Amino acid sequence: MNLEWSKLPFGYVKTDYNVRSYYKNGQWSDIEISDSEYFPIHIAATALHYGQQAFEGLKAYCGKDNKVRLFRWKDNAERLQHSAKGLHMPEVPIELFYKAIIKAVELNKKYIPPYGTGATLYIRPLLIGTGAEVGVKPASEYMFIVFVTPVGPYFKEGFKPVKIAIVRDSDRAAPLGTGTFKVGGNYAASLRGIVKVHKAGYSSPMYLDAKEKKYIDEIGAANFFGIKNNTYITPYSTSILDSITNRSLMKLAEFMGMKVEKRPLPLDEIETFEEVGACGTAAIITPISEIIDLDTGKKYHFCKDGKPGPISTKLYNTLVGIQHGEIEDIFNWTEVIL
Ligand SMILES: *Cc1c(COP(=O)(O)O)cnc(C)c1O
């Protein structure tokens, strides 16, 4: 492939094929391969009107040994099932999920960015209600589609601290809403916050709990973590998307001899942290150097020397090393697929 791997944006690049399966009469079809980036859809499909859809995001990593690895794909498959249940959609069987992602990667092998470019092959499974309904009820037909696209690093500057801003005049998810499901509706709801903080010169919004605005929920579409007194602390809340990256960092922190806490995390506690960051598949860890409260103008500063903290750096290097097959995968998180 003649792509300039190291200059790739974190965006969509056309690949050759995608993989599809259809749910009809209570059954999933075998996978089909398509070379089209489009599909026809009924004008009354529930995905279009009532947001009946869910998605996943994972990556295929090319290692120094030239092998291609998936990272904890089964967690993504199970999370898609959790999201499907949450929106009354049929679950995609784990085997179907696996077959579809493997096929999509294999068919687009030439788009897998080489080791050392900072780029990876992003895999996007999508589940949508395609059946026509006008009343609000679950569709009777669905489509599961997997496409892949080579992506550059989420932040061009690489592993460098960013500034974020607390948003109080919009929420991405309600306490008993759809926050734990990976669904487009939450992203649509988050756009107001994202656009607002971008205009103010910040990279991501920090969402507080919707009910009391007292506890930290998420950072844009990433989980939050803070480090102090040799402890890794991440918020517990009923409106947070359970990040697989965060799960992995918790394990690594524990393995490194740190304490790990998952609990409601009051915003007031923020000043006591030595390091804070956001985590997710896209950027793995995004260290945070400044948090501004847009309502009061109050600022919290971290990374005093402008560099990511030592623990965040160690966690980042370890996880990225495991994903690329450079560090021993003692937790059996990766699977060589090519
Ligand atoms: C996908 C997502 C994350 C990150 O989850 P990972 O499994 O680590 O990629 C965090 N928050 C939200 C809202 C998400 O949609």
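Residues numbered from 1 in each chain as written. Predicted model: local features only at pLDDT ≥ 70, side-chain atom pairs only at ≥ 80, totals over all residues. Heavy atoms only, no water.

A.B. asks: I tried to follow the overall build of the protein on my own but got confused; where do I start?
C.D. replies: Counting its secondary structure elements, the protein contains 6 helices and 18 strands. Here the protein has a C-alpha radius of gyration of 20 Å; the compact-globule value for 338 residues is 20 Å, and the two agree. Taking the principal axes of its C-alpha atoms as reference, the protein extends roughly 55 × 50 × 35 Å. Relative to its full complement of 338 residues, the protein shows a buried share of 53%. Of the contacts made within the protein by residues no fewer than 6 positions apart, 71% connect residues no fewer than 24 positions apart. (Helix = DSSP H or I, 4+ residues; strand = E, 2+ residues; numbered from the N terminus. Rg over C-alpha atoms; globule rule 2.2 N^0.38 Å. Buried < 20%, exposed > 50% of the residue type's maximum accessible area, 1.4 Å probe, protein only. Contact = heavy atoms within 4.5 Å.)

A.B. asks: Would you explain the packing of aromatic side chains in this entry?
C.D. replies: Any aromatic ring pair is given by two values, namely how distant the centres are and how the planes are angled relative to each other. A full pass over the atoms with the stated rule returns 14 aromatic pairs. When the centroid spacing of 5.8 Å and the interplanar angle of 65° are considered together, the rings of phenylalanine 10 and tyrosine 122 count as edge-to-face. Taken as a pair, phenylalanine 10 in the segment before strand S1 (18-24) and tyrosine 122 in strand S7 (residues 120-129) lie far apart in primary sequence, 112 residues in all. Each ring, one from phenylalanine 224 and one from phenylalanine 273, has its centre 6.5 Å from the other, and the planes form 75°; the classification is edge-to-face. Note that phenylalanine 224 is positioned in strand S12 (residues 222-228) and phenylalanine 273 in the loop between strand S14 (259-263) and strand S15 (275-280), a separation of 49 residues in sequence. When sorted by exposure, phenylalanine 224 lands in the same class as phenylalanine 273, which is buried. Its guanidinium or amino end placed over the ring of phenylalanine 273, lysine 228 lies 5.1 Å from that ring's centre, counting from NZ or CZ. (Phe/Tyr/Trp six-rings, centres within 6.5 Å; stacked < 30°, edge-to-face > 60°. Lys NZ or Arg CZ within 6 Å of the ring centre and 35° of its normal.)

A.B. asks: What should I look at first to understand the side chain of threonine 130 in this one?
C.D. replies: Mapped onto the fold, threonine 130 is located in the loop between S7 and strand S8 (142-151). Setting aside residues no more than four positions away along its own chain, threonine 130 makes contact with Ile41, His42, Ala45, Thr46, Ala139, Glu141, Tyr142 and Met143.

A.B. asks: Just checking my understanding: could you explain the site of the ligand for this structure?
C.D. replies: Around the ligand, a shell composed of 14 residues is seen, among which Lys182, Tyr187, Ser243, Thr245 and Thr281 lie nearest. Between the ligand and the protein, one listed contact pairs an oxygen atom with a side-chain N or O atom of threonine 245 at 2.6 Å. Burial of the ligand by the protein amounts to 96% of the accessible area it has alone, namely 380 Å². Tallied by class, the residues present in the shell around the ligand amount to 5 nonpolar, 5 polar and 4 charged. (Near = heavy atom within 4 Å. Polar contact = N/O pair within 3.5 Å; in protein donor to acceptor, adjacent residues only side chain to side chain. Areas by Shrake-Rupley, 256 points an atom, 1.4 Å probe, with all protein chains shown as cover. Nonpolar A, V, L, I, M, F, W, Y, C, P; charged D, E, K, R; others polar.)

A.B. asks: Hey, could you run me through the packing of helix H5 (residues 244-255) against helix H6 (residues 310-323) in this one?
C.D. replies: Where H5 contacts H6, the two axes come as close as 10 Å, and the packing angle between them is 115°. Considering the angle they form, H5 stands roughly perpendicular to H6. Read as a crossing pair, H5 and H6 show a hand that is right-handed. Within the contact between the two elements, H5 uses Thr245, Ser248, Leu249, Leu252 and Ala253 and H6 uses Leu315, Thr318, Leu319 and Ile322. For the contact of H5 with H6, the class distribution of residues is 6 nonpolar, 3 polar and no charged. (Axes fitted to C-alpha atoms, helices over the stretch in contact; angles between N-to-C directions. Parallel < 35°, antiparallel > 145°, perpendicular 65-115°, else oblique. Left-handed = near helix turned anticlockwise from the far one by under 90°.)

A.B. asks: Could you clarify how one ought to interpret the packing of helix H2 (residues 73-86) against helix H3 (residues 94-107) in this entry?
C.D. replies: For any two helices packed against each other, one specifies the crossing angle of their axes together with the interaxial distance. Running from amino to carboxyl end, H2 crosses H3 at an angle of 125°, the nearest separation of the two axes being 10 Å. As the angle between them shows, H2 and H3 are arranged oblique. For the pair H2 and H3, the crossing hand works out as right-handed. For the pair formed by H2 and H3, the contact residues are Trp73, Lys74, Asn76, Ala77, Glu78, Leu80 and Gln81 on the first element and Ile94, Phe97, Tyr98 and Ile101 on the second. Within the contact of H2 with H3, the residues separate by chemical class into 7 nonpolar, 2 polar and 2 charged.

A.B. asks: Whenever I open this one, the pairing of strand S13 (residues 231-235) confuses me. Can you help?
C.D. replies: Consecutive side chains along a regular strand alternate between the two faces of the sheet. For S13, the tally of buried residues reaches 5 of 5 residues, placing the bulk of the element in the interior. Residues Thr231, Ile233 and Pro235 point to one face of S13 and Tyr232 and Thr234 to the other, with burial holding for every one of them. As paired elements, S12 and S13 share 3 bridges and run antiparallel to each other. Each residue of the ladder has a partner; that of isoleucine 227, found in S13, is tyrosine 232. Hairpin connection, S12 to S13: the antiparallel pair is bridged by 2 residues, and asparagine 229 has positive phi, about 45°. The handedness of the S13 to S14 crossover, carried by H5, is right-handed. (Pairing = 2+ DSSP bridges. Right-handed = clockwise from strand over helix to strand, strands pointing away.)

A.B. asks: Help me understand the environment of glutamate 37 in this model?
C.D. replies: If you trace the backbone, glutamate 37 turns up in the loop between strand S3 (32-34) and helix H1 (46-50). We classify glutamate 37 as partly exposed; its relative accessible area is 37%. Along the backbone, glutamate 37 and aspartate 16 are 21 residues apart, and their C-alpha atoms lie at a distance of 8.9 Å. Beyond its immediate chain neighbours, meaning those up to four positions away, glutamate 37 contacts Tyr12, Lys14 and Asn18. Within the local environment of glutamate 37, its side chain forms a polar contact with the side chain of tyrosine 12, the two groups lying 2.7 Å apart.

A.B. asks: I'm lost on the pairing of strand S10 (residues 204-208) in this one. Help?
C.D. replies: Across the 5 residues that make up S10, a large majority, 5, are buried. Following the backbone out of strand S9 (residues 162-167), through helix H4 (residues 184-199) and into the adjacent parallel S10, one traces a crossover that is right-handed. Across 3 bridges, S10 lies against strand S11 (residues 216-219) in antiparallel orientation. Pairing of leucine 208 across the sheet is with isoleucine 216, part of S11.

The quantities given are spatial measurements derived from coordinates; they are silent on function.
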